[in-house]
Amino acid sequence: MVGLPFPPGLVSIMDTVGPTWLTSVFSGIIMSIIVYKLTGFLSLLCFKGYDKLSKAEQVEWNNRGFSTFHALIVASASFYLLLLSGLFDEGSQDDLIINRNSIVSNSVLGISVGYFLADMSMILRNFPALGGLEYVLHHGLSMYSIFLSLISGQAQIYILMVLFSEATTPFVNLRWYLDVAGKKSSKMLQGFFCSYTSLLTCSSTLIR
């Protein structure tokens, strides 16, 4: 029996897909699940008010836990790849900067795809408690752009610049945590807000 041939476009994508970033996508999903569970477990032990939160608030609390974890990983990795690794230094390679990639950069982008897949599934499952259509659109476009960069091996420098701006996410999440905990007007929040503003300015400068 003769099998039906795959469409040329699908064959091209299958040839491009590498085990390294497929593993990183899976790792991103597993990371999100583990951190989600761990956030709930540690919060129950360390924060007295956690068990008094509504079910929806607990879900968002845990969701912001792995959102923060992902942001710290990709922002740190992006900073390293963009400024310290030399991958995108002018004249360091014969390839154009827009065509450069590495195992590390592919892995970072793969982890982000895994995170967005996990987060998207939670958003859809709890829709619209964790975000409305704008969140679905944001995650969809993010996954699409990262996926295109992975299969083509191009424009990773621009994707990493955007991922570096995730450095502001922990501050946004911290503000939400303090707000839910009744600490919205605390000096700690004000101090972190100033740090967030400075980091946002720095991120915007780097992206330009």
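Residues numbered from 1 in each chain as written. Predicted model: local features only at pLDDT ≥ 70, side-chain atom pairs only at ≥ 80, totals over all residues. Heavy atoms only, no water.

Trainee: Sorry, what's going on with the overall build of the chain here?
Mentor: Across its full length, the chain carries eight helices and zero strands. Each helix and strand of the chain, placed in order from N terminus to C terminus, yields the pattern α-α-α-α-α-α-α-α. Looking at the chain as a whole, 40% of its 208 residues are labelled buried. Taking the contacts inside the chain whose residues are at least 6 apart along the sequence as the reference set, 71% of them involve residues at least 24 apart. Carbon and sulfur atoms form 67% of the exposed surface of the chain, whose accessible area is close to 12300 Å². (Helix = DSSP H or I, 4+ residues; strand = E, 2+ residues; numbered from the N terminus. Buried < 20%, exposed > 50% of the residue type's maximum accessible area, 1.4 Å probe, protein only. Contact = heavy atoms within 4.5 Å. Areas by Shrake-Rupley, 256 points an atom, 1.4 Å probe, with all protein chains shown as cover.)

Trainee: Hey, could you run me through the packing of aromatic side chains in this one?
Mentor: To describe a pair of aromatic rings, you give the distance between the ring centres and the angle between the ring planes. Counted by the stated rule, this structure contains nine aromatic pairs. Ring geometry for W176 versus Y177: centroids 5.6 Å apart, planes at 70 degrees, classification edge-to-face. Look at Y177 and you get buried, because its relative accessible area is 15%. Here a set of aromatic residues connected by ring pairs shows up, and it is made of F47, Y50, W61, W176 and Y177. (Phe/Tyr/Trp six-rings, centres within 6.5 Å; stacked < 30°, edge-to-face > 60°.)

Trainee: Even after reading the chapter, I still don't get the side chain of R64, so can you show me in this structure?
Mentor: Considering the arrangement of structural elements, one finds R64 in helix 3 (residues 55–84). The contact partners of R64, leaving out residues within four places of it in the chain, are V172, N173, W176 and Y177.

Trainee: Would you mind going over the pattern of salt bridges with me for this structure?
Mentor: Two side chains that carry opposite charge are able to pair once their charged atoms sit near each other. In total, this model carries one salt bridge according to the counting rule given. Between E60 and R64 there is a salt bridge whose closest N-O contact spans 2.9 Å. Of this pair, E60 and R64 both sit in helix 3, four residues apart, which is roughly one turn of the helix. Considered together, E60 and R64 belong to a single accessibility category, that of buried residues. (Salt bridge = Lys/Arg side-chain N within 4 Å of Asp/Glu carboxyl O.)

Trainee: Help me understand the confidence of the model for the chain, please; the structure alone is not making it clear to me.
Mentor: Detailed reading of predicted coordinates is not advised where the pLDDT is low. Counting all residues, the mean pLDDT for the chain is 85, and 79% of those residues have values of 70 or more. Within the model, the stretch residues 1–14 combines pLDDT values under 50 with three contacts to residues more than four positions away or in other chains. (pLDDT = per-residue confidence, 0-100.)

Trainee: I would appreciate a short explanation of the layout of surface pockets in the present structure.
Mentor: Taken as a whole, the largest pocket holds about 480 Å³ of empty space. Counting residues per element, the ones that place at least two in the lining of the largest pocket are helix 3, helix 4 (103–125), helix 5 (133–152) and helix 7 (169–180). Among the elements that line the lining of the largest pocket, the one with the most residues is helix 3, at five residues. Its residues assigned to classes, the lining of the largest pocket shows six nonpolar, 10 polar and five charged. A volume near 260 Å³ is recorded for the second largest pocket. S32, I33, Y36, K37, K55, V59, F66, A118, S121, M122, R125 and N126 are the residues that line the second largest pocket. Of all the secondary-structure elements, those providing two or more residues to the lining of the second largest pocket are helix 2 (19–46), helix 3 and helix 4. Partitioned by chemical class, the residues of the lining of the second largest pocket number six nonpolar, three polar and three charged. (1 Å grid on protein atoms, 1.4 Å probe; cavity = no way out; pocket = protein on both sides within 12 Å on 5 of 7 lines; lining within 4 Å. Points joined across faces, edges and corners; volume = space filled by probe spheres on them. Nonpolar A, V, L, I, M, F, W, Y, C, P; charged D, E, K, R; others polar.)

Trainee: Help me understand a nonpolar patch on the surface in this model?
Mentor: Taken together, F79, Y80, L83, L84 and V104 make up a surface patch of nonpolar side chains, about 470 Å² in accessible area. Element by element, the count of residues in the nonpolar patch is highest for helix 3, at four residues. Mapped onto the elements of the fold, V104 is located in helix 4. (Patch = residues over 30% accessible without salt bridge, like charges linked within 9 Å, V, L, I, M, F, W, Y side chains within 5 Å.)

Trainee: What exactly am I supposed to notice about the side chain of T168 here?
Mentor: With respect to the helices and strands, the residue T168 is situated in the loop between helix 6 (156–164) and helix 7. Taking the relative accessible area as the measure of exposure, T168 reaches 10% and is therefore buried. Reaching out from T168, the side chain makes a polar contact with the backbone oxygen of S165 at a distance of 2.9 Å. (Polar contact = N/O pair within 3.5 Å; in protein donor to acceptor, adjacent residues only side chain to side chain.)

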